[in-house]
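Coordinate inspection notes
Each chain is listed here by its residues.
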Amino acid sequence: MKKAVHFGAGNIGRGFIGALFSESGYHVVFVDIAEQIINQLNEEKKYSVMLATDEQETVTIENVSGLNNIKQENEVVEAIKESAFLTTAIGPNILPRIAPLIAKGLSARVEETSEKLYVIACENQISATDLLKGYIMEHLDEAVKEKVLANVSFLNSAVDRIVPIQNNQGSLDVLVEPYHEWVVETTQDIPPIEGMKIVPELAPYIERKLFTVNTGHAVIAYFGYLANKETIDQTLADEEIHKQVKATLGETGAYLINEYNLDPEDHQKYIDKIISRFQNAHLHDGVTRVGRSPIRKLSPDDRLVRPASQAQKAGLSYTNLAKAIAAAMLFDYKEDEEAVKLQAMIKEHGVAYVLQEVCGLAESSELAKEINRHYGVLKG
Ligand SMILES: NC(=O)C1=CN([C@@H]2O[C@H](COP(=O)(O)OP(=O)(O)OC[C@H]3O[C@@H](n4cnc5c(N)ncnc54)[C@H](O)[C@@H]3O)[C@@H](O)[C@H]2O)C=CC1
Ligand SMILES: O=P(O)(O)OC[C@H]1O[C@](O)(CO)[C@@H](O)[C@@H]1O
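Residues numbered from 1 in each chain as written. Chains lettered and ligands numbered in written order. Predicted model: local features only at pLDDT ≥ 70, side-chain atom pairs only at ≥ 80, totals over all residues.

All right, on to the site of ligand 2 then. The environment of ligand 2 is made up of Asn 124, Asp 160, Ile 162, Val 213, Asn 214, His 217, Val 290, Arg 292 and Ser 293. Sort the elements by how many residues they give to the shell around ligand 2 and helix α7 (residues 203–226) lands first, with 3 residues. Two domains each provide a minimum of three residues to the shell around ligand 2, namely domain 1 (2–200) and domain 2 (204–379). (Near = placed C-beta within 6 Å. Helix = DSSP H or I, 4+ residues; strand = E, 2+ residues; numbered from the N terminus. Domains from an automatic or database assignment.)

Listed below in structure tokens is the structure:
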């Protein structure tokens with residue numbers, strides 16, 4: 001049976017990418033540090049993916065197993081040697097940590113075979129696979145690097161499916177929204193995978209997705225958190241926040257339409273569809289999950305700052321994005337490591353310092369001034 005090795009047996013791993021490989025006739029080897037999930041995958045050899053709809057349709061995902069990347073390095077290397085695909089859904093910040101082991105696997109593989117391997121990072125980050133490739137290269141010597149570059153294709157991708165934190169401790173089953181889109185950038189002929197869409201240029205897809213789905217989601221999460229809401233759908237039922245989300249997506253939309261020559265009517269339909277996905281009450285998706293890792297989400301190329309600075313450059317409106325950035329800076333959720341760090345930075349050095357260090361915005365920029373103004377108002 002064909003094999004795919006997937007790093008990160010979490011929500012997207014089991015509920016989306018791993019499920020698509022299994023449905024496409026692959027045996028999926030999940031690699032994770034979560035001992036319990038790995039043991040369960042090896043014992044149960046299957047799990048269910050349930051759709052968050054009234055009917056709750058369920059699909060059984062079979063041909064799965066698990067490896068622990070800390071305790072079973074050699075087995076992971078073997079799995080990399082035997083696989084046609086290597087994918088990740090582990091979080092952008094974790095990619096540097098798994099790169100040494102992937103490098104080891106690739107080194108061993110290219111010594112034995114010149115069969116193509118496709119590496120695809122499935123993270124919410126622009127050029128995540130390029131970043132992963134860079135981290136891997138740091139662990140390869142020159143001769144091996146050449147072979148890896150000849151035999152391994154590193155493909156960027158965009159992944160879109162809302163998979164909330166699961167309320168079923170001890171079970172491998174995953175509740176997911178019905179909608180999904182996985183776009184992979186390549187001009188090569190690669191083995192077909194159910195649900196994988198191939199495009200020659202990813203930029204319009206990933207920017208449209210990141211600056212609509214993820215920007216919209218982040219706006220709801222940060223304003224919802226400030227309004228003491230628990231879930232995304234509950235927050236969106238608040239008329240003021242709903243208006244804020246629409247206005248912000250109006251700003252990212254104007255940038256996207258301008259940048260990629262999108263049809264404004266089609267783009268409005270895309271926004272409406274996404275807002276309706278956020279309203280799915282079956283997901284019970286927490287504002288603290290969606291707002292997680294605010295330092296990452298406030299970085300210059302991520303869902304809030306990049307569309308705001310791009311809109312500013314294009315002479316478009318960015319005031320609602322600035323307000324959302326200010327709301328993100330007030331996310332003081334104590335159980336989120338990055339939120340705690342962000343609040344400590346603000347307390348010690350002030351907002352202007354954080355805008356410079358985290359968001360890459362000079363104090364003198366109009367955008368920084370606008371964010372600072374909203375921050376003052378929101379903080380009260
Ligand atoms: N959940 C969602 O709706 C979506 C998530 N994404 C992206 O997918 C990625 C994964 O997100 P989720 O699946 O939600 O997260 P998750 O937290 O459910 O899964 C991540 C998995 O990685 C594992 N992990 C963490 N550190 C590790 C390490 N050093 N070595 C091996 N495994 C390790 C964790 O144990 C966990 O099982 C993120 O980049 C996220 O932005 C993208 C689209 C949708
Ligand atoms: O997964 P991240 O990057 O932390 O952000 C949460 C967001 O990503 C998603 O998981 C979906 O792409 C959304 O649920 C949300 O926009």
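According to the domain assignment, the protein contains domain 1 (2–200) and domain 2 (204–379). Centre-to-centre, using C-alpha coordinates, domain 1 lies 28 Å away from domain 2. Split by residue class, the side of domain 1 that touches domain 2 holds 10 nonpolar, 3 polar and 2 charged. (Nonpolar A, V, L, I, M, F, W, Y, C, P; charged D, E, K, R; others polar.)

Quick look at the site of ligand 1 now. Around ligand 1 sit 24 residues, and of these Gly 10, Asn 11, Ile 12, Glu 123 and Asn 124 come closest. Elements supplying a minimum of two residues to the shell around ligand 1: α1 (11–23) and α4 (95–112). A per-element tally of the shell around ligand 1 places α1 first, with 3 residues. Split into classes, the residues belonging to the shell around ligand 1 amount to 13 nonpolar, 7 polar and 4 charged.

Alternating residues of strand β6 (residues 85–88) divide into Phe 85 and Thr 87 and Leu 86 and Thr 88, and every residue in both groups is buried. Pairing analysis gives 4 bridges linking strand β1 (residues 2–7) to β6, with the strands arranged parallel. Pairing of Ala 4 across the sheet is with Phe 85, part of β6. Bridge count for β6 against strand β7 (residues 117–121) is 4 bridges, and the pairing is parallel. Bridge pairing in β7 places Phe 85 opposite Tyr 118. (Buried ≥ 20, exposed ≤ 12 C-beta atoms within 10 Å, placed from the backbone. Pairing = 2+ DSSP bridges.)

Next up on the list: the packing of α7 against helix α9 (residues 239–260). For the pair α7 and α9, interaxial distance at closest approach is 10 Å and the crossing angle is 160°. Between α7 and α9, the angle is such that the two are roughly antiparallel. The crossing of α7 and α9 is right-handed. From α7, Pro 204, Glu 207, Arg 208, Phe 211, Thr 212, Thr 215, Gly 216, Val 219, Ile 220, Phe 223 and Gly 224 reach across to α9, where they touch Ile 241, Gln 244, Val 245, Thr 248, Leu 249, Thr 252, Leu 256 and Tyr 260. (Axes fitted to C-alpha atoms, helices over the stretch in contact; angles between N-to-C directions. Parallel < 35°, antiparallel > 145°, perpendicular 65-115°, else oblique. Left-handed = near helix turned anticlockwise from the far one by under 90°. Contact = placed C-beta atoms within 7 Å.)

This part is about the sheet that holds strand β12 (residues 196–199). Ordered by their spatial adjacency, 3 strands build an open sheet running β9-β11-β12, and the pairing between neighbours is mixed. Only two strands of the sheet have a single partner each, and these edge strands are β9 (157–160) and β12. Strand-to-strand twist across the sheet, computed as the mean angle between neighbouring axes with direction ignored, equals 20°. For β9 and strand β11 (residues 181–185), the ladder comprises 4 bridges, and the chain directions are antiparallel.

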